[in-house]
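# Coordinates in review
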Amino acid sequence: MSFMDKVKSGFSEAGSKAKTLVEVNKLKMQSGGKQKEIEQHYRDIGRIVFLAANNRDSEGKKWDYHSNIEEILRLENEIQELKKQIKLLTNEKDCECGKAVPIDARFCSSCGHTFSDVD
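Residues numbered from 1 in each chain as written. Predicted model: local features only at pLDDT ≥ 70, side-chain atom pairs only at ≥ 80, totals over all residues. Heavy atoms only, no water.

## Some thoughts on the side chain of H41
How we decide: Numbering goes from the N terminus for both helices and strands, where a helix is a DSSP run of H or I of at least four residues and a strand is a run of E of at least two. Here's how the labels work: a residue is buried when its accessible area is under 20% of the maximum for its type, exposed when over 50%, partly exposed in between, all with a 1.4 Å probe on protein chains only. Working rule for contacts: check all heavy atoms of both residues, and any pair within 4.5 Å makes them a contact.
The topology assignment puts H41 in helix α1 (residues 3-53). For H41, a relative accessible area of 17% corresponds to the buried category. Setting aside its immediate chain neighbours within four residues, H41 contacts N68, E71, I72 and L75.

## Overview of a nonpolar patch on the surface
Operational definition: Like charges are joined within 9 Å and nonpolar side chains (Val, Leu, Ile, Met, Phe, Trp, Tyr) within 5 Å, but only among residues with over 30% relative accessible area and no salt bridge; these make up the patches. Residue exposure ignores everything except the shown protein chains as possible cover, and the areas themselves are Shrake-Rupley values with a 1.4 Å probe. The salt bridge criterion pairs a side-chain nitrogen of Lys or Arg with a carboxyl oxygen of Asp or Glu, the two atoms within 4 Å.
Nonpolar side chains collect at one region of the surface, where Y65, I69 and L73 lie side by side and expose about 240 Å² of accessible area between them. Among the structural elements, Y65 can be located in the loop between α1 and α2 (66-89). On the basis of relative accessible area, Y65 is assigned to the partly exposed category, the value being 31%.

## Quick notes on the pattern of salt bridges
Following the criterion strictly, the structure yields eight salt bridges and no others. A salt bridge links E23 to K26, with the shortest nitrogen-to-oxygen separation between them at 3.8 Å. Here E23 pairs with K26, and both are found in helix α1, just three residues apart, close to one helical turn. Look at E23 and you get partly exposed, because its relative accessible area is 30%. Residue K26 is classed as partly exposed on the basis of its relative accessible area of 43%. The salt bridge involving E81 is made with K84; its shortest N-O contact spans 3.4 Å. With a gap of three residues between them, E81 and K84 both fall in helix α2, about one helical turn apart. Given a relative accessible area of 42%, E81 falls into the partly exposed group. A network of salt bridges, in which partner residues are shared, links K34, E71, R74 and E78.

## Considerations on α2
The line we're drawing: Multiplying 1.5 Å by the helix residue count minus one yields the expected span of that helix.
Here α2 contains 24 residues, and its C-alpha end-to-end distance of 35 Å stays within 8% of the 34 Å for a straight helix at 1.5 Å per residue. Regarding α2, the residues found buried are N68, I72, L75, I79, L82 and I86. In the segment just after α2, N91 is the residue with positive phi, at about 55 degrees.

It is worth stressing that arrangement in space is one thing and function is another; only the former is reported here.
Listed below in structure tokens is the structure:
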């Protein structure tokens, strides 16, 4: 391989890594936005419980927080899907100990867990 071919290959690889990094950061931003939405739902539930506990139900209606709970669960599922996409882009998988390891790792360097072919 000539010097110029190596240079071109290096630029191509750097461009590919940069593109992956941009995509990963975009997914992380989406995940962060969804986490902020979850926090708002937690605050809303807290307000509902506080008002109900102090008999401040001025409209005479029952406070319903079930829609907040359903939305939190939906957002949590979306965050998990975003995390899976990030793992695919970065060629990583999760060990049972919680550490990220390379997708082709046969064992975890943190805990020693051995991965089977289906992990």
